[in-house]
Amino acid sequence: MAEEGQVGTHERDAQAEATRRLALAQIRQYPDPVLRLEAQDVESFDADLAQLVARMTRLMEEAQGVGLAANQVGVLRRVVVLLADGEAEPTVLVNPVILERSDETEEETEGCLSLQGVVVPVERALTLRVAARDAEGAPVELELEGLAARVAQHEVDHLAGVLIVDRTTPEGRREALAVLRQAAAL
């Protein structure tokens, strides 16, 4: 017989997994063509943008991700949300541009909410400087390092139609495509 606390934990875990699956069902999955298209600049900082940012933030959190680009929800606008380095509130970057990347790089494994089951090594700059606008249109310039820099580079890649399978090693790409083919066959 399970103790009362254990049952509660199991139910919470099941609820979180169900919520995660529902969120993932709303995120475009490879090979959806929208993932390969280039996003366009946002020109209007209005209620529609606020609604998009709120939806993206909710989906990212429910899917238990650390970043999401608008392409991944089928919207070809240059908008990303990031949740990295233990930040309580997500960072919103509208029309982000990477101004500077460090010469120092590091290869780490990355996954993607749009490529379920794929984890591949990707080399990224350790630090970067990015300019963007926030959801209200105010200018933002950030110096990012570590996980935040990695996530920002990953999400800005999405805005250009670039995926982690394009940035990995040849072996990583072969393994990733095998996983994706197998998932498509199921």
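In this text the structure is predicted, and so the values were computed from the model without any measurement.

## Details of the side chain of Gln72
For step 1, the next point in the chain: Among the structural elements, Gln72 can be located in the loop between strand 1 (67–69) and strand 2 (79–82).
For step 2, the next point in the chain: By relative accessible area, Gln72 is classed as buried at 1%.
For step 3, the next point in the chain: A polar contact is formed between the side chain of Gln72 and the side chain of Ser114, at a distance of 2.9 Å.
For step 4, the next point in the chain: Once residues lying within four places of it in the same chain are set aside, the contact partners of Gln72 are Gln26, Ile27, Arg28, Leu35, Cys112, Leu113, Ser114, Glu155 and His158.

## A few points about the pairing of strand 3 (residues 91–101)
For step 1, the next point in the chain: Across 4 bridges, the pairing between strand 2 and strand 3 is antiparallel. Counterpart to Val80 in the pairing with strand 3 is Leu93.
For step 2, the next point in the chain: Taken together, the 5 bridges between strand 3 and strand 6 (residues 127–133) define a ladder with antiparallel strand orientation. The residue of strand 6 that forms the bridge with Glu100 is Arg129.

## As for the sheet that holds strand 7 (residues 139–145)
For step 1, the next point in the chain: Strand order in this open sheet of 5 strands is 1-2-3-6-7, and the pairing throughout is antiparallel. Sheet topology places strand 1 and strand 7 at the edges, where each strand pairs with a single neighbour. Neighbour-to-neighbour, the strand axes of the sheet open up by a mean angle of 40°, direction not taken into account.
For step 2, the next point in the chain: Here helix 2 (residues 47–62) sits on the sheet and contacts strand 1, strand 2 and strand 3; the angle it forms with strand 2, its principal contact strand, is near 40°.
For step 3, the next point in the chain: Contacting strand 1, strand 2, strand 3, strand 6 and strand 7, helix 3 (residues 146–159) runs over the sheet at an angle of about 125° to strand 7.

## A few points about helix 3
For step 1, the next point in the chain: If you check helix 3, its first and last C-alpha atoms are 21 Å apart, about what 14 residues at 1.5 Å a residue would give, namely 20 Å.
For step 2, the next point in the chain: Within helix 3, 12 of the 14 residues are buried, leaving the element largely enclosed by the surrounding structure.
For step 3, the next point in the chain: Looking only at helix 3, the buried set comprises Ala148, Ala149, Arg150, Val151, Ala152, Gln153, His154, Glu155, Val156, Asp157, His158 and Leu159.
For step 4, the next point in the chain: At the C-terminal side of helix 3, Gly161 shows a positive phi close to 80°.

## Observations regarding the side chain of Asp157
For step 1, the next point in the chain: By the element assignment, Asp157 lies in helix 3.
For step 2, the next point in the chain: A relative accessible area of 7% places Asp157 in the buried class.
For step 3, the next point in the chain: Apart from residues no more than four positions distant in its own chain, Asp157 is found in contact with Arg124, Val162 and Arg167.

## Examining the pattern of salt bridges
For step 1, the next point in the chain: A full pass over the atoms with the stated rule returns 13 salt bridges.
For step 2, the next point in the chain: A salt bridge links Arg20 to Glu17, with the nearest nitrogen and oxygen atoms 4.0 Å apart. Of this pair, Arg20 and Glu17 both sit in helix 1 (residues 4–25), 3 residues apart, which is roughly one turn of that helix.
For step 3, the next point in the chain: Measuring nitrogen to oxygen at the nearest pair gives 2.8 Å for the salt bridge that ties Glu110 to Arg124. Placement of Glu110 in strand 4 (residues 105–110) and of Arg124 in strand 5 (residues 120–125) is noted, with a sequence separation of 14 residues between them.
For step 4, the next point in the chain: For Glu110, a relative accessible area of 6% translates into the label buried.

## Describing a negative patch on the surface
For step 1, the next point in the chain: Side chains of Glu104, Glu106, Glu107, Glu108 and Glu123 sit close together on the surface and give a patch of like negative charge.
For step 2, the next point in the chain: Here the negative patch takes 3 residues from strand 4, the largest share from any one element.

## Let's talk about the layout of surface pockets
It is a probe the size of a water molecule, rolled over the atoms, that shows where empty space is left.
For step 1, the next point in the chain: Estimated volume of the largest pocket: approximately 340 Å³.
For step 2, the next point in the chain: Elements represented by at least two residues in the lining of the largest pocket include exactly strand 4 and helix 3.
For step 3, the next point in the chain: When residues of the lining of the largest pocket are assigned to their parent elements, the largest contribution, 6 residues, is made by helix 3.
For step 4, the next point in the chain: A class-by-class count of the residues in the lining of the largest pocket yields 9 nonpolar, 10 polar and 4 charged.
For step 5, the next point in the chain: As a volume, the second largest pocket reaches approximately 190 Å³.
For step 6, the next point in the chain: Every residue along the wall of the second largest pocket is listed here: Gln29, Tyr30, Pro31, Ser114, Leu115, Gln116, Leu177, Leu180, Arg181, Ala183 and Ala184.
For step 7, the next point in the chain: Looking at the lining of the second largest pocket residue by residue, the class counts come to 7 nonpolar, 3 polar and 1 charged.

Cut-off values and rules
Residues numbered from 1 in each chain as written. Predicted model: local features only at pLDDT ≥ 70, side-chain atom pairs only at ≥ 80, totals over all residues. Heavy atoms only, no water. Helix = DSSP H or I, 4+ residues; strand = E, 2+ residues; numbered from the N terminus. Buried < 20%, exposed > 50% of the residue type's maximum accessible area, 1.4 Å probe, protein only. Polar contact = N/O pair within 3.5 Å; in protein donor to acceptor, adjacent residues only side chain to side chain. Contact = heavy atoms within 4.5 Å. Pairing = 2+ DSSP bridges. Axes fitted to C-alpha atoms, helices over the stretch in contact; angles between N-to-C directions. Expected span 1.5 Å × (residues − 1). Salt bridge = Lys/Arg side-chain N within 4 Å of Asp/Glu carboxyl O. Patch = residues over 30% accessible without salt bridge, like charges linked within 9 Å, V, L, I, M, F, W, Y side chains within 5 Å. Areas by Shrake-Rupley, 256 points an atom, 1.4 Å probe, with all protein chains shown as cover. Lys, Arg positive; Asp, Glu negative; His and termini not counted. Charge placed at Lys NZ, Arg CZ, Asp CG, Glu CD. 1 Å grid on protein atoms, 1.4 Å probe; cavity = no way out; pocket = protein on both sides within 12 Å on 5 of 7 lines; lining within 4 Å. Points joined across faces, edges and corners; volume = space filled by probe spheres on them. Nonpolar A, V, L, I, M, F, W, Y, C, P; charged D, E, K, R; others polar.

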